[in-house]
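# Chain and residue survey
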Amino acid sequence: MKKSIYIIILLIISTVSLTAQSFNKEIIEDNTSPMLLGKINQQGLSEDAYSEWFLKNFDEYSPKQDIIEAIKTQLNQYTITLFMGTWCGDSKREVPRFYKVLETLSFPIDRLTTVAVNNQRDSYKQSPGGEHEGLNIHRVPTFIFHKDGKEINRIVESPKTTLEKDILAILLKNYSPKYQSVALMHTLLNEKGEEYLTKKAKKIVPEFKKKTQSLYELNTYANVLFYDHKYNEAIAVLKFNTLLFPKEANTYISLANKYIHLEDKVKAIEYYEKSLKLANNEEIHNKIKELRIASNQE
């Protein structure tokens, strides 16, 4: 009997230990600064290399009390998933503030899931446990608000006003997150696919122009797709971006860089040359020379 009780106690301790180890996993890749990856919590953010920026920004933030009172009775009906990077400047600023808002609200912390994503090329803005999959995490931090198992809205990268005001606007159903062009593109690819985007690109440009403020909106989204091995979709988005911003050299350079990764030197040269028609760039001239030399040697 005593032996059985002892075994049960050991199993409980082992389970608790494994659960603890599943949070706040720290890694160092390619001699970079340490970062947390996967599911994390406030304890992990308050320790070691992360405490300096987390505790400072947490302590210095003072949420507006009148807005807090307006939120307090409603937010507990929601669950929140937060994606961030411990390497990301926006995350370092906004995440501690967000935790401060939740503490001020007495929000049940078990209704918050925080996931740290990678910044390395082969795992760009991805979490090792796959929590990011299908959620269109293209910028961090991203705060996703769920109710009854469905996403209601999200705050992307930084609040439009303040975190507590943006949360109130979400609760009042009066909020549109940043980067509407990315949300529109993500929906289009999921529902109709990259072939539709390629065929109908010129017709749908006007709709996207209303929602796109910078070439880097879809450019960043394409990077996320590309490093998730969705090469055809990424290329289609980047080509579409050249229609949105035909006079921006960087749209063509981004395409050329992706073709280099795909080992298509002909296409890479083609788009580098298009960029040079818009902006003279010695580095790009040198890249074209290198690619031509490499092509002749093969």
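Residues numbered from 1 in each chain as written. Predicted model: local features only at pLDDT ≥ 70, side-chain atom pairs only at ≥ 80, totals over all residues. Heavy atoms only, no water.

### Observations concerning helix α3 (residues 48–60)
Put simply, the test is: Strands here mean DSSP runs of E at least two residues long; helices mean DSSP runs of H or I at least four residues long; both are numbered from the N terminus. Here the expected span of a helix is defined as 1.5 Å times the quantity of residues minus one. To get the bend at any residue, fit one axis to the seven residues that end at it and another to the seven that begin at it, then take the angle between the two axes. For each residue, the accessible area found with a 1.4 Å probe, counting protein chains only, is set against the maximum for its type, and the residue is called buried under 20%, exposed over 50%, and partly exposed in between. A contact between two residues is defined here by any heavy atoms of the two lying within 4.5 Å.
Across its 13 residues, α3 extends 19 Å between first and last C-alpha, which sits within 8% of the 18 Å expected from 1.5 Å per residue. At F54, α3 shows its maximal kink, close to 25°. Every buried residue of α3 is accounted for by Y50, S51, W53, F54, N57 and F58. Those residues of α3 hidden inside the fold are in contact with β1 (25–27), β2 (35–40), α2 (42–45), β3 (79–84) and α5 (89–105).

### Focus on the nonpolar core
Quick note on the threshold: By nonpolar core is meant a set of buried Ala, Val, Leu, Ile, Met, Phe, Trp, Tyr and Cys residues that side-chain atoms within 4.5 Å join together.
Core analysis: the largest hydrophobic core is formed by 41 residues, its most contacted members being M185, L197, F208, L218, V237, F240 and Y272. Listed by contribution, the elements that provide at least two residues to this core are α7 (180–209), α8 (215–226), α9 (231–244), α10 (249–261), α11 (265–276) and α12 (282–297). Ranked by the residues each element gives to this core, the list is headed by α7, at nine residues. When residues no more than four places from it in sequence are discounted, the contact partners of F208 are S181, L184, M185, L188, L218, F240 and L244. Counting residues in each nonpolar core, the second largest holds 35 residues, with I67, L105, F107 and L112 among its members.

### A few points about the confidence of the model for the chain
As a general rule, the predicted coordinates of low-pLDDT regions are not to be interpreted in detail. To be explicit about the condition: pLDDT is defined as a per-residue confidence score from the predictor, taking values between 0 and 100.
Across the chain, the average pLDDT comes to 93, with 92% of residues at or above 70. Here residues 13–20 is modelled with pLDDT under 50, and outside its nearest four sequence neighbours on either side it reaches zero contacts, counting other chains as well.

### Quick word on the packing of α8 against α9
What counts here: Between N-to-C directions, angles cover 0 to 180 degrees, with each direction set by a line fitted to C-alpha atoms, over the stretch in contact for helices. We call two directions roughly parallel when the angle between them is under 35 degrees, roughly antiparallel when it is over 145, roughly perpendicular when it lies between 65 and 115, and oblique otherwise. Gly counts as polar in this scheme, as do all residues outside two lists: the nonpolar Ala, Val, Leu, Ile, Met, Phe, Trp, Tyr, Cys and Pro, and the charged Asp, Glu, Lys and Arg.
Axis separation between α8 and α9 bottoms out at 8 Å; the angle between their running directions is 170°. As far as their axial angle goes, α9 and α8 are roughly antiparallel. In this structure, α8 contributes L215, L218, N219, Y221, A222, L225 and F226 to the contact, and α9 contributes Y231, E233, A234, V237, L238, F240, N241 and L244. Taken together, the residues that form the contact of α8 with α9 break down as 12 nonpolar, two polar and one charged.

### What to know about the sheet that holds β2
The test is simple: Strands qualify as paired when DSSP identifies two bridges or more between them.
Read from one edge to the other, the open sheet built from six strands follows the order β1-β2-β4-β3-β5-β6, with strand pairing classed as mixed. Each edge of the open sheet carries a strand with a single partner, namely β1 and β6 (150–156). Averaged over all pairs of adjacent strands, the angle between strand axes in this sheet comes to 20°, irrespective of strand direction. Relative to strand β5 (residues 142–147), β3 runs antiparallel, the two being bridged by five bridges. Paired with F83 across the strands is T142, a residue of β5. Across the sheet, α5 lies against β3, β4 (112–116) and β5, angled at about 160° from β3, the strand it touches most. Strand contacts of helix α6 (residues 163–171): β5 and β6, with the helix running at about 150° to β6, the strand carrying the most contacts.

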